[in-house]
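The chain contents come next:
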Amino acid sequence: MKTANRFIALTKRIMYKKMYIAILLIMVLLTGIYQLLPVKSQSADIKVAMYSEDSSGYYESLVSYLGDINSIYTFYSVDSQEQLIKDVKSGYAECGYLIPDGFFQAYVTGTAWDNPISLYITPASTFHAVINETFFSAMVSICAEDILLYAVDNPTWN
């Protein structure tokens, strides 16, 4: 009986304030809307397009590495620069990376500033800074061994 009285008193206290009632109704409404969404819309699937003009084997390793990591981002390759721009502009992809020809070799040797990666975004893009961290950390992981070998075997640095 004591528990029932406490429940009734607390319920009256909550229902006394109009703002509390409004918040409770909004929470129930949003829960209902969320349940009505398709399953695909309920998940976080952020797509990131990539296109490489570089013909070295690094790009395939990068795509494989990004596919294997457990991330909320889905990295996928496109066939052309036009397709990459189209996917970003249409909103299908959050952002897109264009890797120019010869980039990976320049990256390993430390001269990539002449030939940088291009990032395509829209004004509505919000996650590109976080996606950059994932993308470039994967690239460092792929190229780290070759960077180390280049640095050790470079006589000008010794």
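Use the structure listed above.
In this report, the structure presented in the accompanying data block is examined. Everything numeric in this text was worked out from a predicted model, so none of it was measured.

Let us now look at the overall build of the chain. When helices and strands are counted, the chain shows 7 helices and 4 strands. The N-to-C order of helical and strand elements in the chain reads α-α-α-β-α-β-α-β-α-β-α. In terms of overall dimensions, the chain is more spread out than a globule: its C-alpha atoms have a radius of gyration of 25 Å, far above the 15 Å expected for 158 residues. Across its three principal directions, the C-alpha atoms of the chain cover 85 × 40 × 25 Å. Within the chain, the proportion of its 158 residues that are buried is 27%. A separation threshold of at least 6 residues defines the contact pool for the chain, and within that pool the share at least 24 residues apart is 68%. Working note: accessible area of the chain is about 11,000 Å², and carbon and sulfur atoms make up 62% of it. Averaging the locations of the 10 positively and 15 negatively charged side chains of the chain gives two centres separated by 42 Å.

Within the sequence span of helix 4 (residues 58-68), burial applies to Tyr 58, Tyr 59, Leu 62 and Leu 66. Along the long axis of helix 4, the arc covered by the buried residues comes to 95°, so they all point the same way. Opposite the buried face of helix 4, by more than 90 degrees, sit the exposed residues Gly 67 and Asp 68. Contacts made by the buried residues of helix 4 are with strand 1 (46-52), strand 2 (73-77), strand 3 (95-99), helix 6 (103-109) and helix 7 (128-153).

For the rest of this paragraph, the subject is the sheet that holds strand 3. With respect to topology, 4 strands assemble into an open sheet ordered 2-1-3-4, the strand pairing being mixed. Every interior strand has two partners, whereas the edge strands, strand 2 and strand 4 (118-120), have only one. Direction aside, the axes of adjacent strands within the sheet are offset by 20° on average. Looking at chain direction, strand 1 and strand 2 are connected through 5 bridges and run parallel. Note on strand 2: the bridge partner recorded for Ala 49 is Tyr 76. Together, strand 1, strand 2 and strand 3 form the strand contacts of helix 4, whose direction differs from that of strand 1 by roughly 170°. Packed on one face of the sheet, helix 5 (residues 81-90) meets strand 1, strand 2, strand 3 and strand 4 and runs near 160° to strand 3.

Here we come to the side chain of Asp 54. Residue position: Asp 54 is located in the loop between strand 1 and helix 4. Side-chain polar atoms of Asp 54 contact the backbone nitrogen of Ser 56, separated by 2.9 Å. Among the polar contacts made by the side chain of Asp 54, one reaches the main-chain amide nitrogen of Phe 104 at a distance of 3.1 Å. Aside from chain neighbours lying at most four places away, what touches Asp 54 is Ile 99, Pro 100, Asp 101, Gly 102, Phe 103 and Phe 104.

What follows deals with the side chain of Ser 52. With respect to the secondary-structure elements, Ser 52 resides in strand 1. Its relative accessible area of 14% is what places Ser 52 among the buried residues. Within the local environment of Ser 52, its side chain forms a polar contact with the backbone nitrogen of Asp 54, the two atoms lying 3.1 Å apart. The contacts of Ser 52, once residues within four sequence positions are left out, are Tyr 59 and Ile 99.

Definitions and limits used
Residues numbered from 1 in each chain as written. Predicted model: local features only at pLDDT ≥ 70, side-chain atom pairs only at ≥ 80, totals over all residues. Heavy atoms only, no water. Helix = DSSP H or I, 4+ residues; strand = E, 2+ residues; numbered from the N terminus. Rg over C-alpha atoms; globule rule 2.2 N^0.38 Å. Buried < 20%, exposed > 50% of the residue type's maximum accessible area, 1.4 Å probe, protein only. Contact = heavy atoms within 4.5 Å. Areas by Shrake-Rupley, 256 points an atom, 1.4 Å probe, with all protein chains shown as cover. Lys, Arg positive; Asp, Glu negative; His and termini not counted. Charge placed at Lys NZ, Arg CZ, Asp CG, Glu CD. Arc of directions from axis to C-beta. Pairing = 2+ DSSP bridges. Axes fitted to C-alpha atoms, helices over the stretch in contact; angles between N-to-C directions. Polar contact = N/O pair within 3.5 Å; in protein donor to acceptor, adjacent residues only side chain to side chain.

Read these as layout, nothing more, since geometry by itself doesn't imply function.
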